Amino acid sequence: VMLDRTGSMSQRPNGTLPPNTAAGANETKWSIAVESLESLAVSRDSSLRMGLILFPTDPDGDGGTDCSNLATWLTEYLPPESNDPVCLPAELLVSPTLGAASEIDNAIDRDTTGLCTYTPIGAGFTAARDGLAAIAQPRRDQYALLITDGADTCDYRDTYDTKSLASADALRGDLVKTFVVGFDGSGTGVDEEHLNHL
């Protein structure tokens, strides 16, 4: 699973920002995605090899840069504390394996996992390709599930290009089937055409 960890996930599915309360946090796309993913992992723990990629990587203070937790985004959208560099790579937190539910649960937390600024979807695909290639076995199908609420904001940038379509094509070339969940009900946040191409 390639999960978008950008700040827009702090919004409700309709694109509005809930209040910074426990009830408000429950209404966010981030909360819905995390709880759904963890529930799925538990329900299929012994039958489905699951792994987790978050994109982008949270620098977590490296070089004075960081991503911010959900409450910070709910207090002020685009908080100054979220000063992560442009378009960092994705990070493979859990390699696909049976019994990964507890690892996935430990890898993400609704309230403390940092939400970042930029959306390098292509970096998620690159990390998925590398992670799946490392565990590929003959006659075992592999799948990638992208969950995002926006568009790739890192394609065709001068300093960093995630090449999302080329990265998705490379994954397909490895016979990995990809599914995309465009997780947004506002009608404006998701680049539907691009996600359909992916």
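Details of the structure are given in the entry above.
Here is a short report on the structure shown in this document. Keep in mind the model is a prediction, meaning the values are calculated, not measured. (Residues numbered from 1 in each chain as written. Predicted model: local features only at pLDDT ≥ 70, side-chain atom pairs only at ≥ 80, totals over all residues. Heavy atoms only, no water.)

### Notes on the overall build of the chain
Reasoning step 1: Tallying secondary structure elements over the chain gives seven helices and five strands in all.
Reasoning step 2: For the chain, the succession of helices and strands along the chain, N to C, is β-α-α-β-α-β-α-α-β-α-β-α.
Reasoning step 3: Computed over its C-alpha atoms, the radius of gyration of the chain comes to 16 Å, within 12% of the 16 Å expected for a compact globule of 198 residues.
Reasoning step 4: Seen through its principal axes, the chain has C-alpha atoms that stretch 50 × 40 × 35 Å.
Reasoning step 5: Relative to its 198 residues, the chain shows a buried fraction of 43%.
Reasoning step 6: In the chain, once contacts between residues fewer than 6 apart in sequence are set aside, the share between residues at least 24 apart is 77%.
Reasoning step 7: Total accessible area on the chain stands at roughly 9,700 Å², and carbon and sulfur atoms take up 49% of it.
Reasoning step 8: Across the chain, the centroid of the 13 positively charged side chains sits 10 Å from that of the 30 negatively charged ones. (Helix = DSSP H or I, 4+ residues; strand = E, 2+ residues; numbered from the N terminus. Rg over C-alpha atoms; globule rule 2.2 N^0.38 Å. Buried < 20%, exposed > 50% of the residue type's maximum accessible area, 1.4 Å probe, protein only. Contact = heavy atoms within 4.5 Å. Areas by Shrake-Rupley, 256 points an atom, 1.4 Å probe, with all protein chains shown as cover. Lys, Arg positive; Asp, Glu negative; His and termini not counted. Charge placed at Lys NZ, Arg CZ, Asp CG, Glu CD.)

### With respect to the layout of surface pockets
Reasoning step 1: A volume near 510 Å³ is recorded for the largest pocket.
Reasoning step 2: Those elements that provide at least two residues to the lining of the largest pocket are strand E2 (50-55), strand E3 (91-97), helix H5 (121-133) and strand E4 (143-148).
Reasoning step 3: Among the residues forming the lining of the largest pocket, the class breakdown is 17 nonpolar, four polar and three charged.
Reasoning step 4: Taken as a whole, the second largest pocket encloses approximately 230 Å³ of empty space.
Reasoning step 5: In terms of lining, the second largest pocket is formed by 21 residues, of which the most central are Ser 8, Gln 11, Tyr 77, Asp 149 and Gly 150. (1 Å grid on protein atoms, 1.4 Å probe; cavity = no way out; pocket = protein on both sides within 12 Å on 5 of 7 lines; lining within 4 Å. Points joined across faces, edges and corners; volume = space filled by probe spheres on them. Nonpolar A, V, L, I, M, F, W, Y, C, P; charged D, E, K, R; others polar.)

### Concerning unusual backbone geometry
Reasoning step 1: Omega for the bond connecting Phe 55 with Pro 56 falls within 30 degrees of zero, at -5 degrees, which places this linkage in the cis form.
Reasoning step 2: As for its position among the elements, Pro 56 is in the loop between E2 and helix H3 (70-75).
Reasoning step 3: Positive phi values are uncommon outside glycine, yet Leu 78 reaches one of about 55 degrees.
Reasoning step 4: Positionally, Leu 78 belongs in the loop between H3 and E3.
Reasoning step 5: Notably, Arg 139 is not glycine yet its phi reads approximately 65 degrees, a positive angle.
Reasoning step 6: Looking at the element boundaries, Arg 139 is found in the loop between H5 and E4.
Reasoning step 7: The class of Arg 139 is exposed, set by a relative accessible area of 83%.

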